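Residues per chain are reported as follows:
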Amino acid sequence: MACYLTTGKHMSIYWSVLTVLLLLAITAPTALAFGFAGASAARSRVAPVSWLGRGYIALVRGVPDIAFFLFFVIALDQIIEYVRHRAICPDWPEPVRQGSDFVVCQAAKMPLGNAPQWVHESYGFAIAVFTFAIVFGAFAANVLHGAMSAVPRGQIETGESYGMTHRQTFWRILVPQMWVYALPGLSNLWMVLIKATPLLFLLGIEDIVYWARELGGIKTSRFTDYPHGDWRMWYFLALLVFYLIFTRISEIALDRLMSRLTRGQATTGGEAQRKVGLT
Amino acid sequence: MSACTQTITDYGLRAVGIGERLLPRDDFTLCQQFTLIGSGMIWNVYFGIVALIFGFMFATLLAVGKASRQRVFRKPAEWFIFLFRGSPLFIQFFFGYFLFLKLKTVFPIFAPFTAAWLGALVVLFLNTSAYSAEIFYGALKSIPKGDVEAADAYGLSGWSRFKRVIWPTMLRLAWPAYTNEAIFLFHATTLVFFSGFPAWQQRGDALYYASYFADKTFNPFIPYPILAGYFIILTLCVIGLFGFINRRLNSHLPSNTRQRLRIRPNLIR
Amino acid sequence: MKNLILTTAALAITAGMAFADGHSVVRMGTEGAYPPYNFINDAGDVDGFERELGDELCLRAELTCEWVTNEWDSIIPNLVSGNYDTIIAGMSITDERDEVIDFTQGYTLPDPSSYLAASADVDLKGGVIAAQTGTIQASFIAASGATLVEFSTPEETVAAVKNGEADAVLADDAYLRPIADEDADLQLLAQQEMIGGGVGMGVRESDGELKAKFDAAITSMKSDGTLNALLAKWEIGGSF
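For clarity, every value in this text was computed on a predicted model and none was experimentally measured.

**Section: the overall build of chain C**
Secondary structure assignment for chain C yields nine helices and 13 strands. Seen through its C-alpha atoms, chain C measures out along the principal axes to roughly 70 × 35 × 30 Å. With 240 residues in all, chain C has 58% of them scored as buried. By sequence separation, contacts in chain C at least 24 residues apart represent 68% of the contacts at least 6 residues apart. Per element, the accessible surface of chain C, about 8,900 Å² overall, is 52% carbon and sulfur. Of the side-chain charges in chain C, 13 are positive and 40 negative, and the distance between the mean point of each set is 8 Å.

**Considerations on the interface of chain B and chain A**
Where the parts come together, the accessible area they lose is often given as the size of the interface. Each side of the interface is counted separately: chain B has 37 residues, and chain A has 41 residues. Our count for the chain B to chain A interface comes out at zero salt bridges. For the side of chain B that touches chain A, the elements supplying multiple residues, two or more each, are α3 (71–86), α4 (89–106), α7 (158–188), α8 (191–195) and α10 (223–249) of chain B. Top contributing element to the side of chain B that touches chain A by residue count: α10(B), with seven residues. Residues that form the side of chain B that touches chain A fall into these classes: 26 nonpolar, eight polar and three charged.

**Section: the packing of aromatic side chains**
Here the structure, examined in full by the defined rule, presents 50 aromatic pairs over all chains. The interplanar angle of 45° and the centroid separation of 5.7 Å between the aromatic rings of Phe36(A) and Trp171(A) together place this pair among those described as tilted. Linking Phe36(A) in helix α1 (residues 8–43) with Trp171(A) in helix α6 (residues 166–196), this pair joins segments that are 135 residues apart in sequence. We classify Phe36(A) as buried; its relative accessible area is 17%. Given the relative accessible area of 48%, Trp171(A) is considered partly exposed. Residues Tyr212(B) and Phe213(B) carry aromatic rings whose centres are separated by 5.7 Å and whose planes lie at 80° to one another, so their mutual orientation is edge-to-face. Per residue, the accessibility class of Tyr212(B) equals that of Phe213(B), and both read buried. Above the ring of Tyr137(B), the side-chain terminus of Lys66(B) is found at 4.7 Å from the ring centroid.

**Focus: the sheet that holds strand β13 (residues 202–203) of chain C**
Residues and elements named next belong to chain C. Across the sheet, which stays open at both edges, the five strands sit in the order β5-β1-β6-β13-β7 with mixed pairing between neighbours. Because the sheet does not close on itself, it has two edges, and the strands there are β5 (64–69) and β7 (102–103). Where strand β6 (residues 86–87) and β13 come together, two bridges link them in antiparallel fashion. From the neighbouring strand, threonine 86 faces β13, where its bridge partner is valine 203. Across the sheet, helix α8 (residues 208–223) is in contact with β1 (25–30), β6, β7 and β13; its angle to β1 comes to roughly 75°.

What counts as what
Residues numbered from 1 in each chain as written. Chains lettered and ligands numbered in written order. Predicted model: local features only at pLDDT ≥ 70, side-chain atom pairs only at ≥ 80, totals over all residues. Heavy atoms only, no water. Helix = DSSP H or I, 4+ residues; strand = E, 2+ residues; numbered from the N terminus. Buried < 20%, exposed > 50% of the residue type's maximum accessible area, 1.4 Å probe, protein only. Contact = heavy atoms within 4.5 Å. Areas by Shrake-Rupley, 256 points an atom, 1.4 Å probe, with all protein chains shown as cover. Lys, Arg positive; Asp, Glu negative; His and termini not counted. Charge placed at Lys NZ, Arg CZ, Asp CG, Glu CD. Salt bridge = Lys/Arg side-chain N within 4 Å of Asp/Glu carboxyl O. Nonpolar A, V, L, I, M, F, W, Y, C, P; charged D, E, K, R; others polar. Phe/Tyr/Trp six-rings, centres within 6.5 Å; stacked < 30°, edge-to-face > 60°. Lys NZ or Arg CZ within 6 Å of the ring centre and 35° of its normal. Pairing = 2+ DSSP bridges. Axes fitted to C-alpha atoms, helices over the stretch in contact; angles between N-to-C directions.

Laid out in structure tokens, this is it:
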């Protein structure tokens with residue numbers, strides 16, 4: 001049994017756990033940055049910028065992530081290669097679209113056709129992070145936009161009365177204060193993000209669910225040293241436990257973060273903490 | 001044009017088994033793609049609405065349970081919410097289907113549960129109940145103390161206090177987050193046939209038909225954007241409807257407070 | 001040098017040169033979930049009939065090959081988009097597919113599709129038949145009049161027969177046979193359906209040169225009998 005759990009295939013599933021964790025660790029701040037940009041754009045006083053921000057939020061939030069993943073990655077990849085193609089091979093004689101083929105000059109390929117496999121995998125990973133960030137950035141933008149509006153107007157007016165410019169009130173007053181309002185929404189988003197990782201496989205990343213399916217499926221003795229029936233249930237049970245533990249850890253960490261952010265804020269929570277401190 | 005009308009009569013209700021039995025197999029037209037994917041939306045809307053209605057009721061119960069001081073009510077509610085919020089939906093579908101199959105062999109009454117229209121609905125219902133319950137629970141915790149004290153002062157207690165003061169206030173506070181939950185639920189319905197329940201006689205949801213066309217035409221850039229378009233419309237409808245209810249819920253408040261509450265997101269899924 | 005030569009000649013030569021440096025590595029796209037054609041072995045590598053075949057073909061065509069796995073649903077879009085250069089994934093040559101990509105000559109004879117069932121007396125016309133979504137078998141049953149029930153993975157189709165949801169499952173004979181051999185509850189029915197053509201390697205339509213190289217390599221493997229030996233080793237269909 002020990003040997004069964006240490007086959008190369010099982011090693012892959014252990015690695016994929018790390019891949020998923022790494023993806024989450026990179027995606028979360030990236031999505032937050034997208035969200036911040038989207039929310040700031042939506043608040044902008046320049047109408048086209050505001051439309052852009054609102055359009056992004058409304059459009060991406062309206063589409064199921066799964067449908068988005070199914071065509072966006074290929075589209076993104078083609079856009080990147082097309083741009084590189086125009087830049088690198090400007091006098092390429094053939095059309096890029098030949099029937100259903102998408103053909104760019106070899107030097108414009110992303111990554112290069114003869115690049116080692118790990119480059120391909122890292123590129124795929126980067127594309128996946130970017131795609132996740134776009135989708136979850138829209139939801140984060142929605143949350144942050146709400147949080148920015150939730151900061152009491154008086155706080156900003158006070159800043160203005162001290163002679164701060166619009167930019168200054170935004171960065172010095174609004175942004176530091178909005179997090180406490182945004183955190184409940186963002187932590188829920190984090191929970192949803194964790195649970196969206198099974199969709200990674202659609203983006204060409206071999207994640208834990210892919211390996212769980214692969215390992216759990218019926219194996220006949222001709223193709224493996226460890227034949228077994230349909231064991232998907234056990235593998236999925238292990239996944240369930242993994243996700244539950246991960247959720248629990250996140251909940252505890254986010255609770256701590258919340259109580260820290262609440263400190264000194266003009267909210268009921270902050271007030272309660274102050275009272276506890278006084279007595 | 002008339003060809004398209006014919007396509008709509010043939011395939012408009014294909015997802016529920018009415019109309020042409022065979023799906024188009026070659027010479028795919030845009031009209032066919034729009035019609036069939038739209039036909040599949042019937043299932044997404046059905047799953048979404050029914051799960052939402054029943055989920056709403058159960059979620060209220062769970063939220064009250066979780067906020068209860070009595071362990072017997074609190075613990076089961078907490079565990080239920082944790083289990084369903086803590087695991088990916090597709091795992092829930094997998095175990096749901098598996099469980100219904102086992103139950104079916106013992107009790108024949110469970111036979112319809114292995115079909116998506118009921119089995120997947122039950123899973124979606126439990127899932128959305130857990131998420132909504134957490135939102136409602138958060139709202140219950142943030143009901144202004146003054147509201148409850150005022151109710152006490154009027155001599156309201158027990159059920160009538162809950163029905164006339166606590167419950168409406170809870171809904172009012174939870175509504176923005178609950179709107180998000182509704183949107184997510186409609187999106188989640190696309191998973192039913194994708195990684196959950198089998199599709200019988202090629203009756204599937206919008207994603208099923210979209211991937212059918214993507215598979216047959218080898219071109220993902222047409223069917224999936226069509227699907228996305230349908231979902232954007234659906235999402236706008238949900239936002240419109242929930243916005244309408246939100247205005248009703250807040251209609252008694254002065255307009256400036258209303259504004260503030262409307263855009264404040266407490267919790268989203 | 002390159003831009004001095006004119007039009008047609010330039011086309012041929014630039015294509016040739018691009019071929020030389022770009023295709024110094026040929027990326028072979030497969031699914032990795034369809035034994036005995038291709039699967040992931042215990043060590044986590046691509047293995048199976050097509051792995052051995054592909055490696056031998058690359059050797060004969062003097063190409064350096066690299067194996068990549070891709071989900072079945074998007075295997076063709078990713079080929080035409082250029083994420084790998086060939087599909088070698090047990091893909092039957094069909095007219096629909098041939099419109100979008102090119103196939104090399106077949107390297108298997110048409111493999112029959114078989115029914116796997118719990119009992120021999122299944123009503124194939126009126127019963128419930130399971131198939132994997134998006135396969136040629138699924139389209140076949142949809143047209144046959146039987147009740148089609150589709151699952152997203154091949155495992156689930158077999159599971160459906162075991163738990164009684166479906167009366168039989170229709171899939172490639174080479175996939176079902178090892179399962180039937182090991183499971184006492186399941187058996188293959190005598191009736192078979194000839195649905196697909198032979199299995200070939202898919203390449204982009206614009207990639208004529210690569211196709212020619214593989215075609216030549218397949219011909220040479222057919223003529224010296226190595227292909228037949230491989231087919232026999234992996235118990236796939238008939239021999240050439």
